[in-house]
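Below are the chains, spelled out letter by letter.
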Amino acid sequence: MQTRFDAAQLTDPDTAEAEKVLRKCVHCGFCTATCPTYVLLGDELDSPRGRIYLIKDMLEQNRPATATVARHLDRCLSCLACMTTCPSGVHYQHLIDHARVHVEMTYRRPLHERWVRTLVAKVLPYPSRLRAALALARRVPGPLRRAAWLPPSLRAMLQLANTSAARAHTVTPAPAPAPAPAPPAPGTRGRVALIVGCAQGVLTPQVHEATRRLLMRTGWEVVPVTGCCGALVH
């Protein structure tokens with residue numbers, strides 16, 4: 001991809017790195033097949049290739065992000081599945097992270113968006129707060145969750161939280177896990193950190209336990225790490 005950054009812009013290390021990433025993209029479109037938002041929505045601007053065009057234009061012109069740019073970048077899940085199918089080795093992760101910093105510095109979101117984003121950041125990374133929020137969600141009446149005057153993002157969050165809370169409330173508790181096997185001898189395969197904090201530890205703790213058992217059975221020493229992995233706060 002041809003770029004048009006001037007010399008002054010390239011003195012910024014992050015911009016210079018973004019320029020290198022942009023120049024590797026050849027518009028092949030292989031990334032669209034593995035991008036969940038493009039597969040779901042079918043909008044080119046919700047594909048990695050489309051977002052790269054938006055980012056390139058925004059950074060080259062050094063102009064504030066618009067509501068349209070912010071919306072399409074916000075929809076990126078940062079799953080990085082696109083990087084697994086990119087034949088050119090485009091480091092999309094650096095590009096989207098750099099663009100999001102630019103968005104936060106230059107775009108003032110509507111009040112309801114700022115409120116919802118603050119709520120997410122203050123609740124999801126903290127297991128005790130998340131449990132309380134799920135318990136509260138089960139008590140929100142259905143008509144209120146679907147109220148037209150609520151922002152769409154907040155309605156979706158309430159509906160999702162209520163569904164998750166109901167599922168957690170009705171699932172039969174799993175049987176007590178078997179005694180943990182002894183850690184592998186030093187030098188067997190290695191040591192791996194398992195992040196057990198945040199949302200999954202509240203919603204589906206059995207996933208963590210199954211992962212731990214599988215890793216230990218295959219010869220890895222598992223070190224549990226508490227706290228948020230950072231995916232929700234970046």
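The structure under discussion appears in the preceding block.
Trainee: Looking at this structure, I do not really get empty space enclosed by the protein. What am I missing?
Mentor: Which parts of space are left empty comes out when a probe the size of a water molecule is rolled across the atoms. As enumerated under the stated definition, the model contains 2 cavities of 30 Å³ or more in all. Approximately 140 Å³ is the volume attributed to the largest cavity. In this structure, the largest cavity is lined by 15 residues; those nearest its centre are Cys-25, Cys-31, Ile-52, Cys-86 and Val-90. Elements supplying a minimum of two residues to the lining of the largest cavity: helix 3 (48-61) and helix 5 (81-85). Ranked by residue count, the leading element in the lining of the largest cavity is helix 3, at 3 residues. For the lining of the largest cavity, a count of residues per class yields 11 nonpolar, 3 polar and 1 charged. Space inside the second largest cavity adds up to approximately 80 Å³. Along the wall of the second largest cavity there are 13 residues; nearest its centre are Cys-35, Pro-36, Arg-51, Cys-76 and Cys-79. Mapped by element, the contributors of at least two residues to the lining of the second largest cavity are helix 2 (36-41), helix 3 and helix 5. In the lining of the second largest cavity, the residues fall into 10 nonpolar, 2 polar and 1 charged.

Trainee: Sorry if this is basic, but what is going on with unusual backbone geometry here?
Mentor: Comment: phi is negative for the bulk of residues other than glycine, and the bulk of peptide bonds are trans. Positive phi outside glycine occurs at His-27, with the angle close to 60 degrees. Mapped onto the elements, His-27 comes out in the loop between helix 1 (13-24) and helix 2. The class of His-27 is partly exposed, set by a relative accessible area of 33%. Even without glycine at this site, Ser-78 takes up a positive phi of about 55 degrees. With respect to the helices, strands and loops of the structure, Ser-78 is situated in the loop between helix 4 (67-74) and helix 5.

Trainee: What's the story with the state of the cysteines in this structure? I'm lost.
Mentor: Simply put, disulfide is the name for a covalent bond between the sulfur atoms of two cysteines. As enumerated under the stated definition, the model contains 0 disulfides in all. A disulfide-free cysteine, Cys-79 has its sulfur positioned 6.4 Å from the sulfur of Cys-35, the nearest such atom. On the basis of relative accessibility, which here comes to 45%, the residue Cys-79 falls in the partly exposed class.

Rules used in this analysis
- Residues numbered from 1 in each chain as written.
- Predicted model: local features only at pLDDT ≥ 70, side-chain atom pairs only at ≥ 80, totals over all residues.
- Heavy atoms only, no water.
- 1 Å grid on protein atoms, 1.4 Å probe; cavity = no way out; pocket = protein on both sides within 12 Å on 5 of 7 lines; lining within 4 Å.
- Points joined across faces, edges and corners; volume = space filled by probe spheres on them.
- Helix = DSSP H or I, 4+ residues; strand = E, 2+ residues; numbered from the N terminus.
- Nonpolar A, V, L, I, M, F, W, Y, C, P; charged D, E, K, R; others polar.
- Buried < 20%, exposed > 50% of the residue type's maximum accessible area, 1.4 Å probe, protein only.
- Disulfide = S-S within 2.5 Å.

Geometric descriptors of this kind do not, in isolation, establish any biological role.
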